[in-house]
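Secondary and tertiary structure notes
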Amino acid sequence: MRITCPHCGERDHREFYYKGHALALERPSPDAGEAAWDDYVHQRENPAGVTRDLWYHEGGCGAWVVVSRNTLTHEVLGTQAASEARA
Amino acid sequence: MGNLVAKSPCKGLLPLSVGAMSASEVETGAMTMLSPRKGQDGALDEAMRAVHGLGYPAPSGVESAGEARAIWFGHSSVLLVGAEPGQRLEEHGVLVDQSDAWAVVRLDGPGAEDVLARLVPVDVRLCAFPVGSTARSKIGHMSGSVTRVGEASFWLMVFRSMAETLVHDLKSAMEAVAARG
Amino acid sequence: MRIEGKGLIARDHRVSFTFDGVRYSGFQGDTLASALLANGVRLVARSFKYHRPRGILTAGSEEPNALVTIGTGGRQDPNVRATVQELYDGLEARSQNRWPSLNHDLLSVNDLAAPFFGAGFYYKTFMWPRAFWEKLYEPMIRKAAGLGALSGEDNADRYERAFAFCDLLVIGAGPAGLMAALVAGRAGADVILADEDARIGGRLLAETYEIDGKPGHVWAEEVLAELRAMDNVRLMTRTTVAGAYDHGTFAALERVSHHRADRGAGAPLECFWRIVARRSVLAAGALERPVAFRDNDRPGIMTAGAVRAYLNRWGVAPGKAVTVFGNNDDAHRTARDLMAAGVHVAGLIDSRHDAPEVQGVHMIRGGQVCGSTGRRSLEAITVRRAGGEERIQTDCLAMSGGWNPSVHLTCHMNGRPAWRRDIASFVPVAGAIPGLRAAGACNGAFSTAGCLREGAAAAVEALEDLGLKASEPTLPAADDTPYALEPLWAVPGKGRAWLDFQNDVTVKDVKQAAVENFRSVEHMKRYTTQGMATDQGKNSNVAALAVLADATGRGIPETGTTTFRPPYSPIAIAALGAGAEGKGFQPQRFTTSHAATVARGAPLIEAGLWYRPSYFPKPGETDWRQSCDREVGYVRNAVGVADVSTLGKIDIQGADAAKLLDFVYTNMFSTLKVGRVRYGLMLREDGHVMDDGTTARLGEDHYVMTTTTAAAGEVMKHLEFATQGLHPEWDVSLCSVTEHWAQFAVAGPKAREVLNGLLDTPLDPQDWPFMSCGAVSVLGVAGRLFRISFSGEEGYEIAVPARYGASLFDILVKRAEGLGGGPYGMEALNVLRIEKGFITHSEIHGRTTAYDIGMGGMVSARKDCIGKTMSQRPGLEEPGRECLVGLKPVGPDGRLLAGAHLYRKEAEAKRTNDQGYVTSVCHSPTLGHMIGLAFLADGPERHGEIVKMVDGLRGVTTLCEVVNPVFFDADGGRMRG
């Protein structure tokens, strides 16, 4: 698997650490309520198709990267620095 | 009581020659991590040019001026090597002394590319990685930095504590490449 | 038997080798198989299950029978295909799966018991008694069935792994691959041409085809010369591209030194390549399929293409009176080539009634070989034809059921090949592997001209994708005869007709599977073992599913194929794990005091990747406890020195540095004064404790955070996530400074005295209260000092740039020794912290909360932080939770064991009575008995209660008193000084 780091270009997946869905970027406010926090911390979709997830370029430049990819075809549709995805 | 005696990371491990290739420790002088403060990227670049005569390198790039090199080192940092950072830089960037944090090994000789092909999962052939290119990647199992400093010369950097493993991995790869002839 | 003047071997270079101890000779350029055939050796192996005598079936890596063991001891390679092993002087090969010898294999009784060993026999026979499976049946089956064995010794060979990158990877160097590489190379593309063979040319080496009026192998040599002259083309021979993976990544195995008597003399035996290609051309050719008929596995029966290969490439006639049996025109070439070489062809049997006539041979059209006879090798065949059966004396039968395109790689990413009726074969579906195009025989193009044409076209298309201009190549002239066949999978009749030679699967087995309702091809495969193991159905797959299709009344395309999985041919684990054994397993991290530590004879303990001293033994000490107790004494009574450089140190700077710390720690850091240090607790977002450590404020916008040794990387990742992912608007920069500083703990009543000797300004206790920090000058070197304590004594951590670490350690230790102290290791460090009730990852093991460790009050009510909301879930704070306590055995000799569980004093030690567990224990030399830290239900309310500790594994039960986890100096007076 190859992931295009927004800084370093295309790299082998061995350089990356996988976190999970990019939902982790959408941290609720402290008073958002139990359901919102449960969703944020625990609930994840397992889509057969396009998903967005977070990878950390740990063996590279240290950037957190949002990767859009298709879980069926393994196609990587695009990548973006997490700092940009949020902004 | 005596004085504190300095010891370099690869002391006793290098230099090393295998076939026509060699590995040697680089005495780099000062190494400083520079990170632009929020919104100060341009200003830091200007300050670097004014003080050191080199700019903030583009990703995967290196800027040099005389002995000084600015090596792109991460998503928001460069490593200034071989020059004490000017005070002016502090206004626009965060400076962290890294002079003792990294083992820096220079790999020279025909076959250096082949050696790195056994250690680094990045295309380091001259056509893809010309002189002045740098990559943060893995060297064996270690996170490191690879910079091409000449047609057949590279700088390899890993954390100081892993110097012995770097030399071990490098030596194995050099021997295997050399034995193939 | 060699045929003069034929073959591409070096006749002037004779080499000597042995097989089962018998000495033979061959030529350079031979494979072990060709040399054995040239020497008339026909029986080379015993089959997997029935121990039937087997010979050489093929001439390539698909060989199912001729598996041998090469070498001995640490260099023993089992299951080497004789058809792939290049001959070298001194090669020693041995047959496998036989006892006592190949000729007299006692286990061939299995063949007589064959009626009991059909499909599914394991499942039916060895059902009960259940206990017999592990003790009796399995060991018995393993002994009787199988392949070669490992020596059990350490592998003495060197292996390596490497990465390669290219624009275009061409897999296979036959006519299609050579043409593709040529077109792409000429266009300037960065090309890798890989072929499993030692010699470039593929099928051209085995045939008498002409290209541009020259023998095919001559044309291949000319193309090779041109490719060699291009510096944009890399040739990788002896390299099998074994797997196709995501995004243009391919796995390939290069056999670097298997063909060398000296095993490469320092060069690796094998290299496992990961090749990343922007585009690829699969030109893997095709494999010939046998025809199933009774006793078609007798040595001497080979595929027709293999017979041609031995004849044309190696100058070997595999028999004196050869017969040919096929269902297609291609098989006729074998008869023609043999006759042209002067080999007697005793018959050409073509199952087609309308097969074209071949002159000069006894030809039987519409005939089928329905049996064979011979003792350990072929002596005669029986042909069923219109009007009866005919027996033909023959010592070699060349059979052909047609050719299967090598579609394997196109199936590695879930692609399913498509059936082509005209060639009765599966062909790749375009796009099955993104960026890969199949060309030539692997794509169903069986003529030489077709291969050249498709190879060129695939390259032109790939170049277009790559944005490179390709000039339309002029195709060399070559044979373009269409390939005609009429499917014939299995000749009907009694007896056993073999489909899968390697796994001993017959037509009957497949039919039996269908009868027992294993109708899906995947079920049939697993029930019969057809196409399993290293073979992956290369020889048998299509024929077996054709038989299944017939048995289930379906067509072949509806029946479908099983999935071809990587690797295409076997890869040694040693190659996959190359370089990762011994010191290559994982990096070793050494502190600057490592050499001094080793010199003092300290045993090392691994902490993550770091190596730290357990203890520093002194002469006369016979037990680690003696050393440990002495070192604890240093710290409690004089002074101890320990290297703490392995703890993670993260430099945090920027206008929002304080905000970040408030966000990642439960407690406040924005209120910390410059020059002071505070203990911080870090939670995961789910509310459990992630890590702890001290953080020092060096300036208004400048902090240095300390993490535990083990969690340094995880914490860095966490902070990067918080800054990049959650608050990219903050002005804050992170930098690991763990490696820049060598840091030593100096602890004990005489700690200040040690330091004062080397600080340029002596320490004034007024300026350096507990939890203060600042810059110091250490013998003229700029350093940092932190007054913190993990021992409960007056303690400092002194840091200097790492280049001075070794030197500073020596000086500190010498000074400490002068004051009745010395260095201490991890064992003493652990005792000191347990005596003080300080936690480590033994306590914050990922399932405990701040509340559990008695730090619930540290979760600030005044701010949000990561993990705060979830830590307040009712279940994480409710009564009954297991919370941190101290344990003290009731008697002075009571043993405590980490991992043991706690029960009420009177309760039975069973799961439902479980009250908690012990996390850390030690013998406290300070207190004179064992102490422990534990988690106990409602623990803090139970101080004084006697509970029962039970270690079921080690059979230890101890009554303990529940106490405050701070065993020593509970008010902290000693460390405040």
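Residues numbered from 1 in each chain as written. Chains lettered and ligands numbered in written order. Predicted model: local features only at pLDDT ≥ 70, side-chain atom pairs only at ≥ 80, totals over all residues.

Looking at an unreviewed UniProt entry, one finds chain C named Sarcosine oxidase subunit alpha and attributed to Ruegeria marina. The UniProt entry for chain C carries this comment under Sequence similarities (unreviewed entry): "Belongs to the GcvT family." (UniProt positions renumbered as here; feature names shortened; annotations may be inferred.)

Taking an unreviewed UniProt entry as the reference, chain B is identified by name as Sarcosine oxidase subunit gamma belonging to Ruegeria marina.

Another aspect to go through is the overall build of chain C. Counting its secondary structure elements, chain C contains 23 helices and 50 strands. Projected onto its principal axes, the C-alpha coordinates of chain C cover approximately 115 × 70 × 55 Å. In chain C, which comprises 977 residues, the share counted as buried stands at 56%. Across chain C, every contact between residues at least 6 apart in sequence was considered, and the portion connecting residues at least 24 apart equals 66%. (Helix = DSSP H or I, 4+ residues; strand = E, 2+ residues; numbered from the N terminus. Buried ≥ 20, exposed ≤ 12 C-beta atoms within 10 Å, placed from the backbone. Contact = placed C-beta atoms within 7 Å.)

Before going further, it helps to examine the overall build of chain B. Scanning chain B from terminus to terminus reveals four helices and eleven strands. Since a compact globule built from 181 residues should have a radius of gyration of about 16 Å, the 17 Å found for chain B is in line with a globular shape. Along the three orthogonal principal directions, the C-alpha set of chain B runs to about 55 × 50 × 30 Å. Relative to its full complement of 181 residues, chain B shows a buried share of 56%. (Rg over C-alpha atoms; globule rule 2.2 N^0.38 Å.)

With that settled, the discussion passes to unusual backbone geometry. Residues and elements named next belong to chain C. Across the junction of Trp 99 and Pro 100, the peptide omega takes the value 0 degrees, indicating a cis bond. If you trace the backbone, Pro 100 turns up in the loop between strand E7 (91-94) and helix H2 (109-112). A positive phi angle is found at Asn 414, which is not glycine, with a value near 80 degrees. By secondary structure assignment, the location of Asn 414 is in the loop between strand E25 (403-405) and strand E26 (418-420).

Bringing the interface of chain B and chain C into the picture now. On the side of chain C, 46 residues touch chain B, which itself brings 41 residues to the contact. Mapped onto the side of chain B that touches chain C, the elements with two or more residues apiece are strand E3 (31-36), strand E7 (93-97) and helix H4 (163-180) of chain B. In terms of residue count, the dominant contributor to the side of chain B that touches chain C is H4(B) (nine residues). Here the residues of the side of chain B that touches chain C are counted per class, giving 17 nonpolar, twelve polar and twelve charged. (Nonpolar A, V, L, I, M, F, W, Y, C, P; charged D, E, K, R; others polar.)

The subject of this paragraph is the packing of helix H10 (residues 507-515) of chain C against helix H11 (residues 521-528) of chain C. Relative placement of two packed helices is described by the angle separating their axes and the distance separating the axes. Residue and element names in this part refer to chain C. As a packed pair, H10 and H11 sit with axes 10 Å apart at the nearest point and diverge in direction by 125 degrees. Classified by the angle between their axes, H10 and H11 sit oblique to one another. Crossing hand, H10 versus H11: right-handed. Residues Asp 509, Val 510 and Ala 513 of H10 lie in contact with H11, whose contacting residues are Met 524, Tyr 527 and Thr 528. A class-by-class count of the residues in the contact of H10 with H11 yields four nonpolar, one polar and one charged. (Axes fitted to C-alpha atoms, helices over the stretch in contact; angles between N-to-C directions. Parallel < 35°, antiparallel > 145°, perpendicular 65-115°, else oblique. Left-handed = near helix turned anticlockwise from the far one by under 90°.)

The next point concerns the interface of chain B and chain A. Each partner contributes to the interface: chain B provides ten residues, whereas chain A provides ten residues. A class-by-class count of the residues in the side of chain B that touches chain A yields three nonpolar, five polar and two charged.

Right, let's talk about the UniProt feature "domain: Aminomethyltransferase C-terminal" (unreviewed entry) in chain C for a bit. Per the UniProt record, the feature "domain: Aminomethyltransferase C-terminal" (unreviewed entry) sits at residues 884-969 of chain C. Counting secondary structure, residues 884-969 of chain C comes out at 0% helix and 49% strand; the distance between its end C-alpha atoms is 18 Å.

This next bit is on the domain arrangement of chain B. All names here are of chain B. With domains assigned, chain B is organised as domain 1 (16-27 + 100-180) and domain 2 (31-97). Once you take the C-alpha centre of each, domain 1 and domain 2 turn out to be 24 Å apart. Counting from both sides, the interface comprises eight residues of domain 1 and, opposite them, eight residues of domain 2. Contributing elements (two or more residues each) for the side of domain 1 that touches domain 2: strand E9 (134-139) and strand E10 (142-150). For the side of domain 1 that touches domain 2, the element with the most residues is E9, which contributes three residues. Of the residues assigned to the side of domain 1 that touches domain 2, the class counts are two nonpolar, five polar and one charged. (Domains from an automatic or database assignment.)

Residue and element names in this part refer to chain C. Judged by how many residues are buried, helix H17 (residues 657-664) sits mostly within the fold: seven of eight residues are covered. Within the span of H17, buried status applies to Ala 657, Ala 658, Leu 660, Leu 661, Asp 662, Phe 663 and Val 664. Where H17 is buried, its residues contact strand E35 (648-653), strand E36 (677-683), strand E37 (689-699), strand E38 (702-707) and helix H18 (712-726).

Judged by nonpolar contacts, the single largest core of 368 residues is most densely connected at B:Leu166, C:Ala180, C:Ala184, C:Val281 and C:Val746. Here this core spans two domains, since at least three of its residues come from each of domain 1 (16-27 + 100-180) and domain 2 (31-97) of chain B. If sequence neighbours within four positions are ignored, B:Leu166 has contacts with B:Ala103, B:Val105, B:Ile139, B:Met142, B:Leu156 and B:Val158. (Core = buried A, V, L, I, M, F, W, Y, C linked by C-beta atoms within 7 Å.)

Residue and element names in this part refer to chain C. With respect to topology, five strands assemble into an open sheet ordered E17-E24-E18-E19-E20, the strand pairing being parallel. Two strands close off the open sheet at either side, each with one partner strand: strand E17 (301-303) and strand E20 (363-365). Looking at each pair of strands side by side, their axes are set apart by 20 degrees on average, direction ignored. Sheet topology note: the strand E19 (residues 344-350)/E20 ladder contains three bridges and is parallel. The partner of Ile 349 across the bridge, within E20, is Ile 364. Across the sheet, helix H7 (residues 304-312) is in contact with E17, strand E18 (321-326) and strand E24 (396-400); its angle to E24 comes to roughly 125 degrees. (Pairing = 2+ DSSP bridges.)

Bringing H4(B) into the picture now. All names here are of chain B. Helix length check: H4 (18 residues) gives 26 Å between terminal C-alpha atoms against 26 Å at 1.5 Å per residue, within 8%. The complete set of buried residues in H4 reads Ala 163, Thr 165, Leu 166, Val 167, Asp 169, Leu 170, Ser 172, Ala 173, Met 174, Ala 176 and Val 177. Looking at the residues trailing H4, positive phi occurs at Gly 181, about 75 degrees. (Expected span 1.5 Å × (residues − 1).)

Glancing now at the pairing of strand E5 (residues 68-74) of chain B. Residues and elements named next belong to chain B. In terms of burial, E5 is largely enclosed, as seven of its seven residues are buried. Sheet analysis places strand E4 (residues 62-65) next to E5, joined by four bridges and oriented antiparallel. Its bridge partner lying in E5, Ser 64 is registered against Arg 69. A loop of two residues connects E4 with E5, the two strands running antiparallel in sequence, and Gly 66 in this loop sits at a positive phi of about 60 degrees. Summarising the sheet, E5 and strand E6 (residues 77-81) pair through five bridges and their orientation is antiparallel. Along E6, the bridge assignment pairs Trp 72 with Val 78. Counted along the chain from E5 to the antiparallel partner E6, the turn is two residues long.

Right, let's get into the sheet that holds strand E47 (residues 916-924) of chain C. All names here are of chain C. Read around the barrel, six strands follow the order E45-E48-E47-E46-E49-E50 and close on themselves; strand pairing throughout is antiparallel. Averaged over all pairs of adjacent strands, the angle between strand axes in this sheet comes to 45 degrees, irrespective of strand direction. As paired strands, strand E45 (residues 882-889) and strand E48 (residues 929-937) are joined by six bridges and run antiparallel to one another. The residue bridging Leu 884 from the neighbouring strand is Phe 935, located in E48.

Residue and element names in this part refer to chain C. Take Arg 238: it is sitting in the loop between strand E12 (233-236) and strand E13 (239-245). Exposure remark for Arg 238: the 21 C-beta atoms within 10 Å place this residue in the buried category. On a C-alpha basis, the gap between Arg 238 and Val 41 in space is 26 Å, while along the polypeptide they are 197 residues apart. Apart from residues no more than four positions distant in its own chain, Arg 238 is found in contact with Glu 196, Ala 198, Glu 254 and Arg 255.

Once that is clear, we can look at the packing of helix H5 (residues 175-186) of chain C against helix H9 (residues 448-465) of chain C. Residues and elements named next belong to chain C. Where H5 contacts H9, the axes come no closer than 7 Å and their chain directions differ by 35 degrees. Pair H5 / H9 crosses with right-handed handedness. Contacts from Pro 175, Ala 176, Gly 177, Leu 178, Met 179, Ala 180, Val 183 and Ala 184 of H5 reach H9 at Thr 448, Cys 451, Leu 452, Glu 454, Gly 455, Ala 456, Ala 458, Ala 459, Val 460, Ala 462 and Leu 463. Of the residues in the contact of H5 with H9, the class split is 15 nonpolar, three polar and one charged.

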